[in-house]
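One letter stands for each residue in the lines below.
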Amino acid sequence: MEDHELPKYLQSIFYPLYQHTTDVKCKLMLLDQMLEVGDKKEIPFLEELESSGDPKISNKAFEVKSALQEKLGVISEREKRRLPMNLCFIYDEFNIRPNKVDSELDFEVTLDIMEMEK
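Residues numbered from 1 in each chain as written. Predicted model: local features only at pLDDT ≥ 70, side-chain atom pairs only at ≥ 80, totals over all residues. Heavy atoms only, no water.

Enquirer: Requested: an account of the pattern of salt bridges, with residues and values cited.
Expert: Under the criterion given, the structure shown has 2 salt bridges. Put simply, Lys65 and Glu50 hold a salt bridge, and the shortest N to O gap is 3.4 Å. Taken together, the positions of Lys65 in helix α4 (residues 55–72) and Glu50 in the loop between α3 (42–49) and α4 put the pair 15 residues apart, joining distant regions of the chain. What makes Lys65 buried here is its relative accessible area of 12%. (Salt bridge = Lys/Arg side-chain N within 4 Å of Asp/Glu carboxyl O. Helix = DSSP H or I, 4+ residues; strand = E, 2+ residues; numbered from the N terminus. Buried < 20%, exposed > 50% of the residue type's maximum accessible area, 1.4 Å probe, protein only.)

Below, the structure is given as C-alpha cells:
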C-alpha cells in the first residue's frame, strides 16, 4: 500500500507508537517527542488527537501542533484565511471613511423570532 492511499493521520511515524501506549503519562511524553523530532506528517495525527476524549491529551496535542507548525514554518488553515495586516489600514492609507448611516434607509425586515410568544 502506498503512502498516499493511507489517511494522512496514519502516515505519522508516531501513530503505531501511540496506539501501543496504554499510560496517559507515556502518551504525553510521546507528544513532547513529536515536537522534538516530528515533521509535517505529524500535524494530521495531532489534529486527530485534538478530538480525544481525554482533555490532557487533546490540550497537549493542540499545544504541540501549534508549536510544530511554528517550528516548521507551516501556515495553518486558520492563518491562511486571515487577511494580510496591511489591508487593515487601507482606509487610513487612502483617506477613505465609511459612509454615515442614512436614517431614511429602512429595509422593513422584521425578525419573526423576536415576535414569538414565550
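On we go from here.
Enquirer: Outline helix α2 (residues 24–37), supporting the account with residue identities and numerical values.
Expert: Here α2 is 14 residues long and its end C-alpha atoms lie 20 Å apart, about the 20 Å a rise of 1.5 Å per residue gives. Buried positions along α2 lie against α1 (14–19), α3 and α4. In this structure Asp23 caps α2, since a side-chain oxygen of it lies 2.6 Å from the backbone nitrogen of Lys25. (Expected span 1.5 Å × (residues − 1). Contact = heavy atoms within 4.5 Å. Polar contact = N/O pair within 3.5 Å; in protein donor to acceptor, adjacent residues only side chain to side chain.)

Enquirer: Tell me about the packing of aromatic side chains, and please be specific about residues and values.
Expert: Counted under the stated rule, the structure contains 2 aromatic pairs. Taking 5.5 Å as the distance between ring centres and 80° as the angle between the ring planes, the aromatic pair formed by Tyr15 and Phe45 counts as edge-to-face. One end of the pair, Tyr15, is in helix α1; the other, Phe45, is in helix α3, with 30 residues separating them in the sequence. In this structure Tyr15 comes out as partly exposed when scored by relative accessible area, which is 22%. Between the aromatic rings of Tyr18 and Phe45, the centroid separation amounts to 5.5 Å while the plane-to-plane angle is 80°, which identifies the pairing as edge-to-face. With Tyr18 in helix α1 and Phe45 in helix α3, this pair connects stretches of sequence that are 27 residues apart. By the burial criterion, Tyr18 is buried, and Phe45 matches it. Through a chain of ring-to-ring contacts, three or more aromatic side chains come together here, namely Tyr15, Tyr18 and Phe45. (Phe/Tyr/Trp six-rings, centres within 6.5 Å; stacked < 30°, edge-to-face > 60°.)

Enquirer: Describe the packing of α3 against α4, and please don't skip the residues or the numbers.
Expert: It is the contact of α3 with α4, at a shortest axis distance of 8 Å, that shows an interaxial angle of 155°. Here α3 is positioned roughly antiparallel relative to α4, judged by the angle of their axes. The way α3 lies across α4 gives a crossing that is left-handed. Within the contact between the two elements, α3 uses Glu42, Ile43, Leu46, Glu47 and Leu49 and α4 uses Ile57, Ser58, Ala61, Val64, Lys65, Leu68 and Gln69. Classifying every residue of the contact of α3 with α4 by side-chain character gives 7 nonpolar, 2 polar and 3 charged. (Axes fitted to C-alpha atoms, helices over the stretch in contact; angles between N-to-C directions. Parallel < 35°, antiparallel > 145°, perpendicular 65-115°, else oblique. Left-handed = near helix turned anticlockwise from the far one by under 90°. Nonpolar A, V, L, I, M, F, W, Y, C, P; charged D, E, K, R; others polar.)

Enquirer: Go over the nonpolar core, please, and point to the residues and values.
Expert: Residues Tyr18, Leu31, Met34, Phe45, Leu46 and Leu49 are the most contacted members of the largest nonpolar core, which totals 13 residues. For this core, the secondary-structure elements that each account for two or more residues are α1, α2, α3 and α4. If near-sequence neighbours (up to four positions away) are discounted, Tyr18 is found in contact with Lys27, Leu30, Phe45, Leu49 and Ile57. (Core = buried A, V, L, I, M, F, W, Y, C linked by side-chain atoms within 4.5 Å.)

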